[in-house]
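# Observations on the model geometry
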Amino acid sequence: MVNIVAVDLGARSYEVRIGGDLIARAGTEIAPLLRRKRVAIVTDETVAAAHLPALTAALEAEGIATAALALPAGEGTKGWENLARCTEWLLEQKVERRDVVVAFGGGVIGDLVGFSAAILRRGVRFVQLPTTLLAQVDSSVGGKTGINTAQGKNLVGAFHQPSLVLADIDVLGTLPDRDLLSGYGEVVKYGLLGDAAFFDWLEDHGPALRQGDADARLRAVTRSVEMKAGIVSRDETEEGERALLNLGHTFCHALEKATGYSDRLLHGEGVAIGCALAFELSSRMGLCSQEDPSRVRAHLRSMGMKVDLADIHGDLPGAEALVTLMGQDKKVIDGRLRFILARGIGQAFVAEDVPGDAVLRLLQDALAGR
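Below is a summary of the structure that appears in this document. A quick note: this is a predicted structure, and the numbers were derived from the prediction, not measured. (Residues numbered from 1 in each chain as written. Predicted model: local features only at pLDDT ≥ 70, side-chain atom pairs only at ≥ 80, totals over all residues. Heavy atoms only, no water.)

### Remarks on the pattern of salt bridges
Inclusion rule: We define a salt bridge as a contact between a side-chain nitrogen of Lys or Arg and a carboxyl oxygen of Asp or Glu at a distance within 4 Å.
Across all of its chains, the model carries 27 salt bridges by this definition. In the salt-bridge network here, residues are joined through shared partners; they are Glu15, Arg17, Arg25 and Glu29.

Below is the structure:
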């Protein structure tokens, strides 16, 4: 079974196809996009070892020639050096504007390769073939591409929509449990920001999803993509509603920077901690009940996820330093931090008037628990 979610952007509309066995069918799925039967694939070394032979076989079965580049795995790859390496390699492959580049991997590969495609010859088409839960439900959809810099996460990039997204849920079975749970942090975010019934469903079916239930994974990925696609269709470049997708991310990006974009904190883990902090801040400001942050934390904890700053191993900077790191976030407008807060589960909103001392006290208390 394949679920299809449309991202409605006029002439730049595309489909997200979600289901099993899509890597094996990639040749059939991608062939209609091609002007000439060749693609350039960019992946990472971990994904290449596990899945690249299956992808190249599927493409070659349809008469599609392939060339592949495998970059190092990990968040550290998403920077200037590998952007240059990727782009130069694509030029060496003589990729033309009418050709298609395939981004085959998790969010790091999708973001970096999408950005490379955006700047190569002023924009070439690309297909997202996400191999992690996080990439399937979030980063592969919506056209945000970019790299990290010394100043912060995703501060250099472009909006460049893919031509197609193929989310093969079978590949999720090869993920380490920690990586799967990192992606689950983004899944939970969707329920928290705008669909209380989905969060209810996750409370009941999250454990089955973690244990490998294909129906639960299909529904979770599909509902997450439906929510993101709807928001992106209405607000492609984050002028308003799309900012809701950043629930938990202002805290998350500061924590990722503080931990050096390392394995100490995966992105989805930071999102989960950030969502818990955002609900705690909302409760302290009288916006939602005290039960809401407790419920959020209870579900995340029951899934075996990181919830508190105490769950991050190693040293962290002080509360003041974390607030300073937030000041580099993309969501800063006129020098003011925007937070995504909530009036309840499924009722997120953009807040631009959050008192700085409230954020500082929240972080001080959170650090005191370490």
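### Some points on the sheet that holds strand E4 (residues 65–71)
Applicable threshold: By this definition, two strands are paired if DSSP reports at least two bridges between them. Strands are runs of DSSP state E lasting at least 2 residues, helices are runs of H or I lasting at least 4, and numbering of each runs from the N terminus. Fitting a line to C-alpha atoms yields each axis, with helices limited to the stretch in contact; the angle taken between N-to-C directions then spans 0 to 180 degrees. Any two residues whose heavy atoms approach within 4.5 Å at even a single point are treated as in contact.
Taken together, the 7 strands give an open sheet; going across it, the order is E1-E2-E9-E6-E5-E3-E4, and neighbouring strands pair in mixed fashion. At either margin of the open sheet sits one strand with a lone partner, and together these are strand E1 (2–7) and E4. The average angle at which neighbouring strand axes cross in this sheet is 20 degrees, direction not considered. Sheet topology note: the strand E3 (residues 38–44)/strand E5 (residues 100–105) ladder contains 5 bridges and is parallel. Residue pairing in the sheet places Val39 in a bridge with Val100 of E5. Lying on the sheet, helix H2 (residues 45–60) is in contact with E3, E4, E5 and strand E6 (125–130); it crosses E3 at an angle near 165 degrees. Helix H4 (residues 107–119) rests against E3, E4, E5 and E6 of the sheet, and its axis sits at about 165 degrees to E5.

### Some thoughts on the environment of Ala258
This is how the line gets drawn: With a 1.4 Å probe rolled over the protein chains alone, any residue whose accessible area is under 20% of its type maximum counts as buried; one over 50% counts as exposed, and the rest are partly exposed.
The residue Ala258 is located in helix H9 (residues 249–258) in this model. A relative accessible area of 22% places Ala258 in the partly exposed class. Counting along the chain gives 106 residues from Ala258 to Gly152, while the straight-line C-alpha distance between them is 9.8 Å.

### Observations concerning the side chain of Asn148
For clarity, the cut-off: Counting of polar contacts relies on pairs of N or O atoms within 3.5 Å, with two restrictions inside protein: one atom must be capable of donating a hydrogen and the other of accepting it, and residues adjacent in sequence are counted only when both atoms are side-chain atoms.
Along the chain, Asn148 falls in strand E7 (residues 144–149). In terms of polar contacts, Asn148 uses its side chain to reach the side chain of Glu75, at 2.9 Å. Engagement of the side chain of Asn148 in a polar contact is seen with the backbone nitrogen of Asn154, the distance being 3.0 Å.

### Quick notes on the pairing of strand E10 (residues 339–342)
In E10, alternate side chains face the same way, and those of Phe339 and Leu341 on one face and Ile340 and Ala342 on the other are all buried. By the bridge criterion, 4 bridges tie E10 to strand E11 (residues 348–351) in an arrangement that is antiparallel. Its bridge partner being in E11, Ile340 is matched across the sheet by Val350. Hairpin connection from E10 to E11: 5 residues lie between these consecutive antiparallel strands, with Gly346 at a positive phi of about 85 degrees.

### Some thoughts on the packing of aromatic side chains
In plain terms, the rule: Any two rings among Phe, Tyr and Trp, with Trp reduced to its six-membered ring, count as a pair given centres within 6.5 Å; such a pair is stacked if its planes are under 30 degrees apart, edge-to-face if over 60, and tilted if neither. Charge over a ring is defined by NZ of Lys or CZ of Arg lying within 6 Å of the ring centre and within 35 degrees of the ring normal.
As enumerated under the stated definition, the model contains 2 aromatic pairs in all. Each ring, one from Phe198 and one from Trp201, has its centre 6.1 Å from the other, and the planes form 15 degrees; the classification is stacked. Separated by 3 residues within a single helix, Phe198 and Trp201 lie in helix H7 (residues 196–211), roughly one turn from each other. Look at Phe198 and you get buried, because its relative accessible area is 3%. Consider the rings of Phe251 and Phe339, whose centres lie 5.3 Å apart with planes at 50 degrees: the pair is tilted. Remark: Phe339 occurs in strand E10 and Phe251 occurs in helix H9; sequence separation between them is 88 residues. Since its relative accessible area comes to 3%, Phe339 is described here as buried. Residue placement shows Lys189 over the ring face of Tyr190; its charged tip is 4.7 Å from the ring centre. In this arrangement the basic side chain of Arg343 is found over the ring face of Phe349, its NZ or CZ atom lying 3.8 Å from the centre.

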